[in-house]
Amino acid sequence: MSTVIMHNVMSVDGFIADKNDDVGPLHEWYFSGDTPIAEPAREEGFDHSSTGSGFRVSRASAAYVRDTWASIGTIVMGRTLFDLVNGWEGEPPAGDHVVVVSHRPKPEGWHPEASYHFVSDITAAIAKARELAGDRNVAVNAGQVGGQILAAGLIDEVAIDVVPVVFGSGKRYFGDIDGQHLLEDPHVVIQGERVLHLKYKVRR
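About the thresholds
Residues numbered from 1 in each chain as written. Predicted model: local features only at pLDDT ≥ 70, side-chain atom pairs only at ≥ 80, totals over all residues. Heavy atoms only, no water. Helix = DSSP H or I, 4+ residues; strand = E, 2+ residues; numbered from the N terminus. Rg over C-alpha atoms; globule rule 2.2 N^0.38 Å. Lys, Arg positive; Asp, Glu negative; His and termini not counted. Charge placed at Lys NZ, Arg CZ, Asp CG, Glu CD. Salt bridge = Lys/Arg side-chain N within 4 Å of Asp/Glu carboxyl O. Buried < 20%, exposed > 50% of the residue type's maximum accessible area, 1.4 Å probe, protein only. Expected span 1.5 Å × (residues − 1). Arc of directions from axis to C-beta. Contact = heavy atoms within 4.5 Å. Core = buried A, V, L, I, M, F, W, Y, C linked by side-chain atoms within 4.5 Å. Pairing = 2+ DSSP bridges. Axes fitted to C-alpha atoms, helices over the stretch in contact; angles between N-to-C directions. Phe/Tyr/Trp six-rings, centres within 6.5 Å; stacked < 30°, edge-to-face > 60°.

1. Regarding the overall build of the protein chain
- Regarding its fold elements, the protein chain presents 5 helices and 12 strands.
- In summary, the protein chain has a C-alpha radius of gyration of 16 Å against a globular reference of 17 Å for 204 residues, a match within 12%.
- Across its three principal directions, the C-alpha atoms of the protein chain cover 40 × 40 × 35 Å.
- Charge separation in the protein chain, taken as the distance between the mean sites of 18 positive and 28 negative side-chain charges, equals 3 Å.

2. What about the pattern of salt bridges?
- Under the counting rule described, the total for this entry stands at 9 salt bridges.
- Measuring nitrogen to oxygen at the nearest pair gives 2.9 Å for the salt bridge that ties Asp156 to Arg204. Placement of Asp156 in the loop between α5 (144-151) and β9 (157-163) and of Arg204 in the segment after β12 (196-201) is noted, with a sequence separation of 48 residues between them.
- Put simply, Arg79, Asp83 and Arg104 are held in one network by salt bridges that share partners.

3. Observations concerning unusual backbone geometry
- If you check the backbone angles, Asn86 has positive phi at about 50 degrees while not being a glycine.
- With relative accessibility at 31%, the residue Asn86 sits in the partly exposed group.
- Positive phi values are uncommon outside glycine, yet His111 reaches one of about 30 degrees.

4. What to know about helix α4 (residues 122-133)
- End to end, α4 covers 16 Å across 12 residues, agreeing with the expected 16 Å (1.5 Å per residue, within 8%).
- Taken as a whole, α4 has its buried residues at Ile122, Ala125, Ile126, Ala129, Leu132 and Ala133. Along α4, the residues classed as buried sweep out an arc of 130 degrees about the axis, all on the same side.

5. Some thoughts on the environment of Lys199
- With respect to the helices, strands and loops of the structure, Lys199 is situated in strand β12.
- By relative accessible area, Lys199 is classed as buried at 13%.
- Excluding its chain neighbours within four sequence positions, the residues that come into contact with Lys199 are Ile5, Tyr64, Thr68, Glu157, Val158, Ala159, Pro186, His187 and Val188.

6. A closer look at the side chain of Asn8
- Structurally, Asn8 can be placed in strand β1 (residues 4-11).
- Not counting residues within four places of it along the chain, the set of residues in contact with Asn8 comprises Ile16, Asn141, Ala142, Ala159, Ile160, Asp161 and Tyr173.

7. Some remarks on the nonpolar core
- Ranked by internal contacts, the top residues of the largest apolar core, which has 29 residues, are Trp29, Tyr30, Ile37, Trp69, Val98, Tyr116 and Val163.
- Those elements giving two or more residues to this core turn out to be β1, α2 (59-70), β5 (72-78), β6 (97-101) and β9.
- When residues in this core are grouped by element, the largest group, 4 residues, is from α2.
- Those residues within four positions of Val163 in sequence are excluded, and the remaining contacts are Val9, Met10, Ser11, Val12, Pro25, Leu26, Trp29, Arg194 and Val195.

8. Some words on α5
- The set of residues buried in α5 consists of Val145, Gly146, Gly147, Ile149 and Leu150.
- Of the surrounding secondary structure, the elements contacted by the buried residues of α5 are β1, β5, β6, α4 and β8 (137-141).
- Two residues or fewer after α5 comes Gly153, characterised by a positive phi angle close to 80 degrees.

9. Observations regarding the sheet that holds β12
- Spatial ordering of the open sheet is given by β7-β6-β5-β8-β1-β9-β12-β11, a layout of 8 strands whose pairing is mixed. Lying at the two open borders of the sheet, with one neighbouring strand each, are β7 (116-119) and β11 (188-191). Strand-to-strand twist of the sheet, defined as the mean angle between neighbouring strand axes without regard to direction, takes the value 20 degrees.
- Summarising the sheet, β11 and β12 pair through 4 bridges and their orientation is antiparallel.

10. Regarding the packing of aromatic side chains
- Per the counting criterion, the structure on display carries 8 aromatic pairs.
- Measuring from ring centre to ring centre gives 5.2 Å for Phe82 and Phe118, while their planes differ by 85 degrees; the resulting arrangement is edge-to-face. Of the two residues, Phe82 sits in helix α3 (residues 79-85) while Phe118 sits in strand β7, which places them 36 residues apart along the sequence.
- Each ring, one from Tyr173 and one from Phe174, has its centre 4.6 Å from the other, and the planes form 65 degrees; the classification is edge-to-face.
- Among the residues examined, Phe174 registers a relative accessible area of 26% and is labelled partly exposed.

This is the structure we're talking about:
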């Protein structure tokens, strides 16, 4: 069975974007190194880096990110992120499928060839994502939807790429989650350049 991993880049004070959904310097490490991480076929398609040159990171980060991306079968995202990036124009940065948690349907005529599925319930969304992922992992974007999925007990691991910047306010990694949730000690700790990669299993 696939592992459900909540993941995002985060400031040291716990934010994934400012109040206007601007990520600021959080993603700079993705294209400030000398080692490519994306498959050539993906780099030739939609430019997820928005730099025109694809992702380039440090060697330590490249090995970690490559393995992480290769393990993903399905991405789960909220409607806010979908609208912000227009669903990456039907070409997710990793995996072959996307499940969008939304009470609104897929925009009419939007990339009919893309394996994007709009589901209104978080439990049904994770079930659909697992079905599509098969033996590969499900990556859940952090934020409001990710926090709700964690609170529902549907997250197996939490992965955080911590960037040395303080936002002070904005959109929190765990959204408006209420209540305490325990994690195990980190089983992955990798120091990149301008980023620290951490992974925690959720304590059951």
